[in-house]
Amino acid sequence: MAIDSDQVFMRRALAMAERAAAVGEVPVGAVLVKDGQIIAEGHNQPIGSCDPSAHAEMVALRRGALAEANYRLPGCDLYVTIEPCVMCVGAMLHARLRRVVFGALEPRAGALQSQLQLLDMDHYNHRIDWRGGVLEHDCGDLMRTFFRARRAAGGTP
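Since we're looking at a predicted model, the values are computed, not measured.

Q: Before we go on, may I ask you to explain the nonpolar core in this structure?
A: By size, the foremost hydrophobic cluster in this structure holds 45 residues, and its most contacted members are Met-10, Leu-32, Leu-61, Leu-78, Met-92, Leu-97 and Val-100. With six residues, helix 4 (residues 86-95) is the largest single contributor of residues to this core. Sequence-distant contacts of Met-92, that is, excluding residues within four places in its chain, are made with Glu-57, Leu-61, Leu-78, Pro-84, Leu-97, Val-100 and Ile-128.

Here you go:
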């Protein structure tokens, strides 16, 4: 049986999401891959960094751009535990990613499948392939567990 590299990189993204949860951030993790190698990774950190744009995807894209010394990231694939939002999809388009792979759906704000289908629109000058549902159960469970604990503790749902 062949190893699914999407699952391998999604497992690393899950590890990043667990780091976010450990510091009280919403557990989303992202890993940026080029030529089969991780070049950057990130986890949600808008609360700790006081930066509303510090989603896991944005952190990984920023770090990847620095690593590549280029604001464009052609040939790169981004793995993220939860379906990306509008802001993150916009950044992915500007970065000229090759592909985005996500785990669980984001029913409230997902911009690839759940609410919007931004990458399926034909007016952009760049196309990004995408795949959803990789380790969907694990990614969704991490999010559900986090919010269940938060609600139990009297925090914001």
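Q: Hey, could you run me through the packing of helix 3 (residues 56-68) against helix 4 in this one?
A: For any two helices packed against each other, one specifies the crossing angle of their axes together with the interaxial distance. Helix 4 packs onto helix 3 with a crossing angle of 20 degrees between their chain directions and a minimal axis gap of 9 Å. Overall, the two elements helix 3 and helix 4 adopt an arrangement that is roughly parallel. Taken as a pair, helix 3 and helix 4 cross one another with a handedness that is left-handed. Contacts from Glu-57, Met-58 and Leu-61 in helix 3 reach Met-87, Cys-88, Ala-91, Met-92 and Ala-95 in helix 4. When grouped by side-chain class, the residues that make up the contact of helix 3 with helix 4 number seven nonpolar, no polar and one charged.

Q: Sorry if this is basic, but what is going on with the side chain of His-126 here?
A: Note that His-126 resides in the loop between strand 4 (99-104) and strand 5 (129-131). A polar contact of 2.7 Å, which involves the side chain of His-126, links it to the backbone oxygen of Leu-97. Not counting residues up to four positions away in its chain, the partners in contact with His-126 are Leu-93, Arg-96 and Leu-97.

Calculation notes
- Residues numbered from 1 in each chain as written.
- Predicted model: local features only at pLDDT ≥ 70, side-chain atom pairs only at ≥ 80, totals over all residues.
- Heavy atoms only, no water.
- Core = buried A, V, L, I, M, F, W, Y, C linked by side-chain atoms within 4.5 Å.
- Buried < 20%, exposed > 50% of the residue type's maximum accessible area, 1.4 Å probe, protein only.
- Helix = DSSP H or I, 4+ residues; strand = E, 2+ residues; numbered from the N terminus.
- Contact = heavy atoms within 4.5 Å.
- Axes fitted to C-alpha atoms, helices over the stretch in contact; angles between N-to-C directions.
- Parallel < 35°, antiparallel > 145°, perpendicular 65-115°, else oblique.
- Left-handed = near helix turned anticlockwise from the far one by under 90°.
- Nonpolar A, V, L, I, M, F, W, Y, C, P; charged D, E, K, R; others polar.
- Polar contact = N/O pair within 3.5 Å; in protein donor to acceptor, adjacent residues only side chain to side chain.

So, to be careful, I would describe these as geometric facts and stop short of saying anything about function.
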